[in-house]
Structures are given as structure tokens and as C-alpha cells.
Amino acid sequence: MIRTAMNIGKLHLSVPITLAPMEEHTSFPFRLLMKRFGAGLVCTERIDAADVARRDRRALRMLYTTTEERPRAAQISGAEPAVMAAAARVVEEHGFDLVDLNFECPIRRLMARGEGGALMADPAAVERIVAEVARAVSIGVTLKLRSGPDLEHETAAEIAQRAQDAGAVAIVVHARSVAQAYVGDADWDVVSRVKQAVNVPVLGSGGIREAGDVVHRLRESGADGVAIGRGCLGNPWVFRQSRALLAGNSAGPPPTRAERGRALLQLVEGEFRYYGRAVAIRRLARTSCYFAKSLPDFNEFRGAVHRVRDLAGFRRLVSEYFR
Ligand SMILES: Cc1cc2nc3c(=O)[nH]c(=O)nc-3n(C[C@H](O)[C@H](O)[C@H](O)COP(=O)(O)O)c2cc1C
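Residues numbered from 1 in each chain as written. Predicted model: local features only at pLDDT ≥ 70, side-chain atom pairs only at ≥ 80, totals over all residues.

To continue, consider the environment of Val-238. Within the element layout of this structure, Val-238 appears in helix H10 (residues 237-246). Considering only alpha carbons, one finds Val-238 and Tyr-274, 36 residues apart in sequence, at a separation of 24 Å. With residues up to four places along the chain from it excluded, the contact list for Val-238 reads Glu-210, Ala-211, Ile-228, Gly-231 and Cys-232. (Helix = DSSP H or I, 4+ residues; strand = E, 2+ residues; numbered from the N terminus. Contact = placed C-beta atoms within 7 Å.)

Shown next, in the form of C-alpha cells:
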């Protein structure tokens with residue numbers, strides 16, 4: 001049976017459909033947009049725990065949040081239990097409802113430091129980190145795992161069990177190995193195996209592209225929830241539509257061109273407020289291309305975006321192309 005709401009520790013989610021953390025994407029304005037479209041929980045991108053612990057200005061900026069995006073999680077990565085605990089305390093101070101620990105990132109620089117995905121090969125080290133973080137904060141501690149370091153070594157269920165015993169309140173499983181990075185099919189059987197291994201809620205992630213995938217994955221895997229990554233880039237409707245399907249209604253019609261334009265504009269206006277004009281303009285082509293890729297005149301639109309110099313100019317462009 002698919003549940004239509006879920007609790008993570010003391011936290012209640014109105015719907016078990018969450019936004020997966022994505023570097024360079026899940027900034028404050030992006031998270032707010034996904035929230036408005038129905039995400040049950042949103043999460044920051046991965047932030048280095050060492051930077052958070054020493055209150056580096058850029059790291060603290062990434063922890064900007066308001067009550068409007070509640071409930072929300074912040075994700076940190078690191079290998080030193082004491083540093084992770086210190087960073088988790090800063091996360092709690094900033095008002096986040098959960099602190100998520102990243103044991104999944106395949107980036108070489110991180111792996112070389114024994115952080116992120118490197119820890120999928122060391123269940124005992126993960127347990128030590130979770131225990132120290134759980135002692136340090138009163139908000140819930142969650143984990144983001146892969147299936148294992150590679151397809152030959154599946155460690156997710158063991159790590160999930162150890163983490164649960166050490167105080168974790170939920171486990172998110174990206175159903176690929178670290179070695180796979182982001183390529184290849186997600187294998188949701190590993191999500192089922194983790195679900196069978198623990199009592200805390202388990203959320204699956206990987207390969208969800210549309211609302212129908214959410215229902216299918218929840219039903220097949222027995223997971224308590226899902227975390228949507230690339231499927232929501234340029235497509236916040238995936239949250240609204242999957243909410244509707246879970247409630248037993250139809251997903252509704254796809255967004256019109258005008259609706260696409262309005263959502264894009266909300267995101268870009270948020271980016272201008274959050275990043276300021278210079279950075280928002282630099283991000284504009286990428287931000288808007290996800291929303292515009294289905295336009296018949298996409299190439300022309302892309303060219304025009306590069307000539308935009310301010311928000312008023314972008315508003316004009318949106319009203320021209322997304323009529
Ligand atoms: C561009 C990009 C950046 C990502 N950054 C993070 C991150 O900072 N932390 C994390 O735990 N996972 C990160 N992920 C993994 C996603 O959270 C998600 O689990 C994964 O993409 C699988 O879902 P998908 O196939 O629906 O994209 C990232 C994925 C992508 C594509």
C-alpha cells in the first residue's frame with residue numbers, strides 16, 4: 001500500500017515526494033519554487049562540513065532559508081565526526097528541520113579526501129559520524145546513500161542498519177553505485193533491500209522523470225517516499241502531478257506555454273533577489289533552458305537570453321516566447 005504522507009522523526013511531511021539535493025541547482029529560489037509546486041520536503045545542495053563548521057561566508061550563504069520553505073533539510077559532507085557534528089549544529093542554528101549527511105557524492109576531489117561516496121566502502125566510519133552528529137543536534141539526522149562503492153559491493157543495507165542504530169531517522173537511497181555516478185539505470189531493488197533492513201523511513205531516488213514513475217516506484221519498491229532529481233529540472237509540475245496521482249486523482253493536463261513562462265519567471269525573479277543581478281544574469285541561460293527546451297523556437301530563445309542585461313529585459317523575453 002502506498003502511503004500519502006510520512007513522518008521523518010518528529011517531522012511530518014504532507015506528501016512523501018521530496019526534492020533531491022543537486023549541486024548548482026537546489027538553491028533557495030529553486031527550492032521555493034519546488035515547494036510551491038508541492039514538494040513535501042526540500043534540501044540544499046551538498047555543502048562542505050569543514051566550511052560550515054568554520055562559518056565560511058559562502059557556506060553560510062548556502063544555508064540561507066526562511067520559514068516559507070518549511071520543512072527543509074540542509075546537506076553536509078565530510079569524514080571527520082567532530083567536524084560533521086560542528087557543522088550540523090550550525091545547520092540547526094539556521095533553522096533547518098533536518099540535517100542530511102552525504103555519503104554518495106562521486107566527485108573525485110571529495111573521494112580523494114575519503115568523503116562523500118568514498119564512505120560507502122566504510123560502514124563503520126559512517127556509523128561513527130552518524131552517532132556523533134545525532135548526539136550534537138536535536139533535529140533529525142538523515143543519510144543519502146548509494147547502493148555501494150560499485151556494483152560488485154552493495155553496502156547500502158548494512159550502512160542503513162548501522163546508521164539507524166546510531167540515531168538516523170531516515171535513509172535516502174540513490175539507486176546507483178558510486179562508480180556509476182549518474183549514468184545507467186537506477187536499480188530500485190536496492191531500495192527494497194534497504195527498506196527490508198531498517199524500521200526508519202526509506203526514500204528512493206534515481207530515474208524518476210514523470211509523475212507516473214513516482215507511483216510505480218513506490219508500489220514496486222515498498223519505499224516510504226521518493227526524492228526527485230533531474231526529473232524536476234524545468235519541470236516543477238512533476239510534484240503537483242504526482243501529488244494528484246497519489247491522492248487518486250488524474251495528473252491533469254501538461255502545463256501550457258504561458259504556465260511554463262510564469263514558473264520560469266518566478267524562478268528567475270527569485271535568482272535576481274537571492275544572487276543579485278550579475279550572478280543571476282550569468283546563470284540565466286542554464287536556468288531558463290530547462291524550461292524552454294520544448295519550445296519550437298528554442299534556439300532563437302537561447303540566443304536572445306544571452307543578450308538579456310536585466311530583469312525587465314528577461315520579463316519582455318518571457319512574454320514574447322511563452323505567450
Ligand atoms: C547535477 C546534479 C547534482 C547533484 N548533487 C547532489 C548533491 O549535492 N548531493 C546529493 O546527495 N546528491 C546529489 N545529486 C544526486 C541527486 O540527489 C539524485 O539522487 C540523483 O540525481 C538521482 O536522481 P535522478 O536520476 O532523478 O536525477 C546530484 C545529481 C545531479 C544530476
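There's plenty left to go through after this.
In terms of domains, the chain is made up of domain 1 (6-246) and domain 2 (257-321). On a C-alpha basis, the centroid separation for the pair domain 1 and domain 2 is 29 Å. The partner domain 2 presents nine residues to the nine residues of domain 1 that form the contact. (Domains from an automatic or database assignment.)

Let us now look at the pairing of strand E7 (residues 140-145). In terms of burial, E7 is a largely internal element, six of the six residues being buried. Burial of E7 is two-sided: the residues Gly-140, Thr-142 and Lys-144 facing one way and the residues Val-141, Leu-143 and Leu-145 facing the other way are all buried. In this sheet, E7 lies alongside strand E6 (residues 98-102) in parallel orientation, the contact comprising five bridges. Bridge pairing in E7 links Asp-100 to Thr-142. Judged from the four bridges that link them, E7 and strand E8 (residues 170-174) form a sheet pairing that is parallel. Looking across to E8, one finds that Lys-144 is bridged to Val-172. (Buried ≥ 20, exposed ≤ 12 C-beta atoms within 10 Å, placed from the backbone. Pairing = 2+ DSSP bridges.)

Within a sheet, each strand pairs with its neighbour through backbone hydrogen bonds, oriented either parallel or antiparallel. Spatially, E3-E10-E9-E8-E7-E6-E5-E4 is the arrangement adopted by the eight strands of the open sheet, whose pairing is parallel. Either end of the sheet is taken by a strand with one partner, and the two such strands are strand E3 (17-19) and strand E4 (42-48). On average, each strand axis in the sheet is inclined to that of its neighbour by 25°, with strand direction left out of account. With five bridges connecting them, E4 and strand E5 (residues 72-77) associate as parallel partners. The residue of E5 that forms the bridge with Cys-43 is Ala-73. Sheet strands in contact with helix H9 (residues 211-221) are E3, strand E9 (202-205) and strand E10 (225-228), and its direction is about 135° off that of E10. (Axes fitted to C-alpha atoms, helices over the stretch in contact; angles between N-to-C directions.)

Time to look at the nonpolar core. In this structure, Ile-76, Ala-87, Val-99, Val-133 and Ile-171 are the most contacted members of the largest nonpolar core, which totals 102 residues. Element by element, the count of residues in this core is highest for helix H4 (residues 81-93), at eight residues. Here this core spans two domains, since at least three of its residues come from each of domain 1 (6-246) and domain 2 (257-321). Beyond its immediate sequence surroundings of up to four residues, Ile-76 is in contact with Ile-47, Ala-49, Val-52, Met-84, Ala-87, Ala-88, Val-91, Val-99, Leu-101 and Asn-102. (Core = buried A, V, L, I, M, F, W, Y, C linked by C-beta atoms within 7 Å.)

Before going further, it helps to examine the site of the ligand. The immediate surroundings of the ligand are formed by 23 residues, with Ala-20, Arg-46, Ser-205, Gly-229 and Arg-230 found nearest. Counting residues per element, the ones that place at least two in the shell around the ligand are E4 and E10. Here the shell around the ligand is composed, by residue class, of nine nonpolar, eight polar and six charged. (Near = placed C-beta within 6 Å. Nonpolar A, V, L, I, M, F, W, Y, C, P; charged D, E, K, R; others polar.)

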